[in-house]
Amino acid sequence: MNTNSELSLENLNAAGDAAARAIPPLWPLASSVAVNPYLGQTAETLAQAGARLGRAGGVSVTMPRAWYAARIADGTITDADLSAALAVNPTAAADLKALKARAEQPESAQKPLPTLADLAAGASGIDWPGILADRIGLWAAGYFDQGQALWAAPHRRGAYDAWRQYATHDLTPEIAGLSGFAQFVSETPDTADQASTRAANRLGLSDAALETYLHQLLFTLGGWGQVARYRLWQAELAGKSDATITDMLTIRLLWEEALFTQYEDEIGAEWQKIVAAHAAPVVSDADLQVNAVLQEAWERAGQRDLAETFSIPAPKADDTRPALQAAFCIDVRSEVFRRALESLTPEIKTLGFAGFFGLTPAHKGFASDVDELRLPVLLNPGLTSTSQGDDAEADQTARFKARASRAWGRFKLAAVSSFAFVEATGPIYAGKLVRDALNMAPNDVPGGPMPRLDPSVDLAAQTDAAETILRAMSFTDNFARLVVLAGHGANVVNNPFASGLHCGACGGYSGEVNARLLAGLLNNVDVRSGLVERGITIPEDTIFVGALHDTTTDAVTLYEADHPSKAHAADLKQAKAWFLSAGFVTRAERALRLPRADGTDDIALRSRDWAETRPEWALAGCKAFVAAPRQRTAGRSLEGRAFLHDYDWQQDKGFGVLELIMTAPVVVASWISLQYYGSTVSPDVFGSGNKLLHNVTGGIGVVEGNGGTLRTGLPWQSVHEGEDFAHEPLRLSVCIEAPREAMSDILKRHDGVRALFDNRWLHLFALDENGQMAWRYEGDLEWSQMPVASEAMPETEVAA
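The text that follows walks through the structure, step by step, so that each part is easy to find. For clarity, every value in this text was computed on a predicted model and none was experimentally measured.

From N to C terminus, the protein includes 29 helices and 19 strands. The globule rule puts the C-alpha radius of gyration for 800 residues at 28 Å, and the 28 Å found for the protein is close to it. Taken along the three principal axes of its C-alpha coordinates, the protein extends 85 × 75 × 50 Å. The 800 residues of the protein split such that 55% are buried. Once local pairs closer than 6 in sequence are excluded, the contacts in the protein between residues at least 24 apart make up 74%.

Here is the structure:
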């Protein structure tokens, strides 16, 4: 019975929109990228987010107390770390002694407020939350399907209309005990707005209770709510809107109404208490405050180690012309390879830049009409490109083969033919089974004709793009004869998460297309002539070559056929030899971390092993982002745990490049870091579970078993090596060599980025002129000098 005043549609819609934005989006498996699971909570601190997520889903936002206590006991976390962290939040404990005592005590488990489905389950003994997840999941798998289903669900209607049509014929809820559910659905209002308003008023919800209750309902949908959030994200990126997520919220709300209607007598009084609890302000308790301080202390311990790494004397700068320059993605996996490559000879120099190389194409691959958005998901495509060649016959042949393969695949899975398929064609697959079981299948490398812009852009635009990219790379002079632009990708089999191992800056695709496009742009004679007028002179004997760094095998493929040059044959031969040697060194280092890897030879086999759950560690272990000249990190091991972006602030007039770095690559790196963080501290909620139990659903994501809630985040095997964690959940430390006032000025203009640092989802440090971690950003545009640092960088006037 409703005991509150009627809710207005305006207030309900506002609360629904806020709930939708508290949920992170989920990209489909074909182009999956890392997403910050706390995306909707970045305006709050870790402790405040813990209180909100604890109410919604019982989510822990830090490791267990015992984790920190063990590190205090072994000296990893020092008293100085604890004291400094406590100074950030002095209300968490009276003093250092009290804090250490609290670290020894187990914290209270976070318990979510029960939903009506939970209350109904308690009253009836029927697993309504499980039934609800199963029925919504079954419908959503068909509705959101991206080509996996043989019989596609109609998409002429919105999600709410499609669900009503489905649910009126679904008898499972009634069989389970929810009387008249199909009739109830058929009598719901025709529009989602009317239905949600009716349900909210029927449940007696107040305006104050809506915020966390509606968030909780979307939270209980797991990945299905995040798929709907992805649709809203994509629509808004294109300047449009999408109602799928609010339709999903209405569907979940109607389930609550149906259960309340049946069990009101048993649960009505308890439900009123829950509504009152949702109406109460979200406040972090003492346990959450202490946990946040312990997490801060552990991160300060890690930052102390990072500062010691920066304090190692750097090799002297060498301004002689290199024999080879190789630009890699800032991805942490590139750090190991770059270090190995540079160790071979001083004649090699490497650079770090975002893996999309400043180009934002919607690309059509060879013999394909599918638009691949090879750019950061924060951006819209600015170009269109294609790998379609001039050979029409080869294109047509490839398309026929692809269609035949799809037809054969559907024949194998069809309702009738699938029964006889194994008996009739089993012997045909014997050779393939043996080859795959013995890991004999070759690793395929992306190839095809040289990509090109289609349509092309005029010379002025090409020159503008070339200048912007080179200046953003701080790469404007001393060009080598051979410059390799290396995108990266992974080479694995039987892995639904393969795209997540590719380049996040390329939208979950491998990065060779962007690298080859940029190489073509910078090899253009007319573009080079235009660059001379802008103060950038590329020598006539310099050639740019696109490449692909396979992060699973550490093989590097050069696309030298894109720009044939007999004059550079010797340079290319030498570069290939260097890449082979660097790959060997890199694999040897990686083998030390990978379970069951006895040496370099095991690494390539893992990429072809269909039973291997850990072909590589991807970005596990990431803990730092560095934007500085390469000289600051050259010759030092960052253990494959740092994003390395080349940046020279003294070449950056007006600090436009610095602004770009802080608002794009840093944000993308934060999504990666916090996805690993969430999948480690809350694997049951923000992780996708056990790979061995996964089934791909709708081509979108995975479920554990044969249905239910769509799982999101990283699999357990991506953060844990079987005995211990492979990833240490540390919020990213961003180290930038630039004047502090320039960084503060950028934070003033970008509230979303500032919130990440002010609320400590990221830590920001300024490096001084010697490359030392000299200043810490404390929030609210304030900086403090680090305890041990070189003399601070002199202040520089910031251009307006």
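Resuming the write-up.
Here we come to the sheet that holds strand E18 (residues 773-779). What links the strands of a sheet is backbone hydrogen bonding, and the strands pair in either a parallel or an antiparallel sense. The strand order across the open sheet built from 6 strands is E11-E10-E16-E17-E18-E19, with neighbouring strands paired in mixed fashion. Across the chains shown, the open sheet's two edge strands, defined by having one partner strand only, are strand E11 (642-646) and strand E19 (782-785). Looking at each pair of strands side by side, their axes are set apart by 25 degrees on average, direction ignored. Relative to E18, strand E17 (residues 763-767) is paired through 3 bridges, and the arrangement is antiparallel. Looking at E18, one finds that phenylalanine 765 is bridged to arginine 776. Against the sheet, helix H29 (residues 751-758) makes contact with strand E16 (733-736), E17 and E18, and its axis sits at roughly 105 degrees relative to E18, the strand it touches most.

Okay, the side chain of histidine 278 next. If you trace the backbone, histidine 278 turns up in helix H14 (residues 244-279). Taking relative accessible area as the criterion, histidine 278 reaches 2% and is therefore assigned buried. At 3.4 Å, the side chain of histidine 278 forms a polar contact with the backbone nitrogen of tyrosine 213. Filtering out sequence-adjacent residues up to four positions away, histidine 278 remains in contact with Arg55, Leu113, Ala208, Ala209, Thr212, Tyr213 and Gln216.

Moving on to the pattern of salt bridges. Within the structure shown, the criterion is met by 46 salt bridges. The partner of aspartate 134 in a salt bridge is arginine 135, and the shortest N-O contact between them spans 2.9 Å. A network of salt bridges, in which partner residues are shared, links Glu296, Glu299, Arg300, Arg731 and Arg760.

By secondary structure assignment, the location of aspartate 81 is in helix H4 (residues 79-88). Given the relative accessible area of 6%, aspartate 81 is considered buried. Looking at aspartate 81, its side chain comes within polar contact range of the main-chain nitrogen of threonine 78, at 3.0 Å. Once residues lying within four places of it in the same chain are set aside, the contact partners of aspartate 81 are Thr76, Ala297, Arg300, Ala301 and Arg304.

Attention now goes to the state of the cysteines. For the coordinates displayed, the defined rule picks out 0 disulfides. Here cysteine 329 is not disulfide-linked; the sulfur of cysteine 503 is the nearest cysteine sulfur, at 4.2 Å. Lacking any disulfide linkage, cysteine 503 is separated from the closest cysteine sulfur, that of cysteine 506, by 3.5 Å.

With that settled, consider unusual backbone geometry. Put simply, aspartate 454 and proline 455 share a cis peptide bond, and its omega is 5 degrees. Relative to the assigned elements, proline 455 resides in the loop between strand E6 (452-453) and helix H20 (459-472). Of note, the phi angle at glutamate 639 is positive, near 60 degrees, even though the residue is not glycine. Inspection of the secondary structure puts glutamate 639 in the loop between strand E10 (624-628) and E11. The backbone phi angle of aspartate 780 is positive, close to 55 degrees, even though this residue is not glycine. Turning to its location among the elements, aspartate 780 is positioned in the loop between E18 and E19.

For the rest of this paragraph, the subject is the packing of helix H7 (residues 128-143) against helix H8 (residues 159-167). For the pair H7 and H8, interaxial distance at closest approach is 11 Å and the crossing angle is 120 degrees. As the angle between them shows, H7 and H8 are arranged oblique. Note on packing geometry: the crossing formed by H7 with H8 is right-handed. Contact residues: Arg135, Leu138, Trp139 and Tyr143 in H7; Ala159, Ala162, Trp163 and Tyr166 in H8. Here the contact of H7 with H8 is composed, by residue class, of 7 nonpolar, no polar and 1 charged.

Glancing now at H20. Across its 14 residues, H20 extends 20 Å between first and last C-alpha, which sits within 8% of the 20 Å expected from 1.5 Å per residue. Regarding H20, the residues found buried are Gln462, Thr463, Ala466, Glu467, Ile469, Leu470 and Ala472. Of the surrounding elements, those touching the buried residues of H20 are strand E2 (348-353), helix H21 (512-523), helix H22 (525-532), E11 and helix H25 (656-663). Here H20 starts with a cap whose side-chain oxygen sits 3.2 Å from the backbone nitrogen of alanine 460, and that cap is aspartate 458. Looking one or two residues past H20, serine 474 carries a phi angle of roughly 55 degrees, positive in sign.

Our focus in this paragraph is the environment of glycine 507. Note that glycine 507 resides in the loop between strand E7 (482-489) and H21. On the basis of relative accessible area, glycine 507 is assigned to the buried category, the value being 5%. Considering only alpha carbons, one finds glycine 507 and alanine 577, 70 residues apart in sequence, at a separation of 31 Å. Those residues in contact with glycine 507, other than ones at most four positions away along the chain, are Ser31, Val33, Leu373, Leu375 and Val377.

On to a nonpolar patch on the surface. A cluster of nonpolar residues, Leu150, Trp151 and Leu413, forms a patch on the protein surface that exposes about 400 Å² of accessible area. Residue classification places leucine 150 among the partly exposed positions, given a relative accessible area of 33%.

With that settled, the discussion passes to the sheet that holds strand E1 (residues 324-329). Ordered in space as E2-E1-E7-E8-E9, the 5 strands form an open sheet in which the pairing is mixed. The open sheet has two free edges, formed respectively by E2 and strand E9 (556-558), since each of these has just one partner strand. For this sheet, the mean angle separating the axes of adjacent strands, direction not counted, is 25 degrees. Note: strand E8 (residues 543-550) against E9, 3 bridges, orientation antiparallel. Bridging from a neighbouring strand, histidine 549 pairs with valine 556 of E9.

Rules used in this analysis
- Within each chain, residue numbers correspond to sequence positions counted from 1 in written order.
- Local features are withheld for residues below a pLDDT of 70 in this predicted model, meaning they are given only at 70 or higher, and side-chain atom pairs are given and counted only at 80 or more; totals for whole chains, interfaces and linings count all residues.
- The side-chain figures draw on all heavy atoms in the structure; neither hydrogens nor water molecules are used.
- Under the scheme used here, helices are H or I runs from DSSP no shorter than 4 residues and strands are E runs no shorter than 2 residues, and both carry numbers assigned from the N terminus.
- Note that the radius of gyration is over C-alpha atoms, with the globule rule given as 2.2 Å times the number of residues to the power 0.38.
- Relative accessibility decides the category of a residue: with a 1.4 Å probe and only protein chains considered, values under 20% of the type maximum give buried, values over 50% give exposed, and everything between is partly exposed.
- Here a residue-residue contact requires only that any non-hydrogen atoms of the pair lie within 4.5 Å.
- Only when DSSP finds a minimum of two bridges between them are two strands counted as paired.
- To obtain each axis, a line is fitted to C-alpha atoms, and for helices this fit is confined to the stretch in contact; angles are then taken between N-to-C directions over 0 to 180 degrees.
- Between N or O atoms, a polar contact is any pair within 3.5 Å; within protein, one atom must be a potential hydrogen donor and the other a potential acceptor, and residues adjacent in sequence are included only when both atoms are from side chains.
- Criterion for a salt bridge: a side-chain nitrogen of Lys or Arg within 4 Å of a carboxyl oxygen of Asp or Glu.
- Cysteine sulfurs are considered disulfide-paired once they come within 2.5 Å of each other.
- The scheme is simple: roughly parallel for angles under 35 degrees, roughly antiparallel for over 145, roughly perpendicular for 65 to 115, oblique for anything else.
- Handedness of a crossing is defined here by the sense of rotation of the near helix relative to the far one, left-handed for an anticlockwise turn of less than a right angle and right-handed for a clockwise turn.
- Charged residues are taken to be Asp, Glu, Lys and Arg, nonpolar residues to be Ala, Val, Leu, Ile, Met, Phe, Trp, Tyr, Cys and Pro, and polar residues to be all remaining types, Gly included.
- The length a helix should cover is 1.5 Å for every residue beyond the first.
- The residues that make up patches have over 30% relative accessible area and no salt bridge, and they are joined within 9 Å when like-charged or within 5 Å when they are Val, Leu, Ile, Met, Phe, Trp or Tyr.
- Residue exposure ignores everything except the shown protein chains as possible cover, and the areas themselves are Shrake-Rupley values with a 1.4 Å probe.

Honestly, that's just the spatial picture; any functional story needs more than this.
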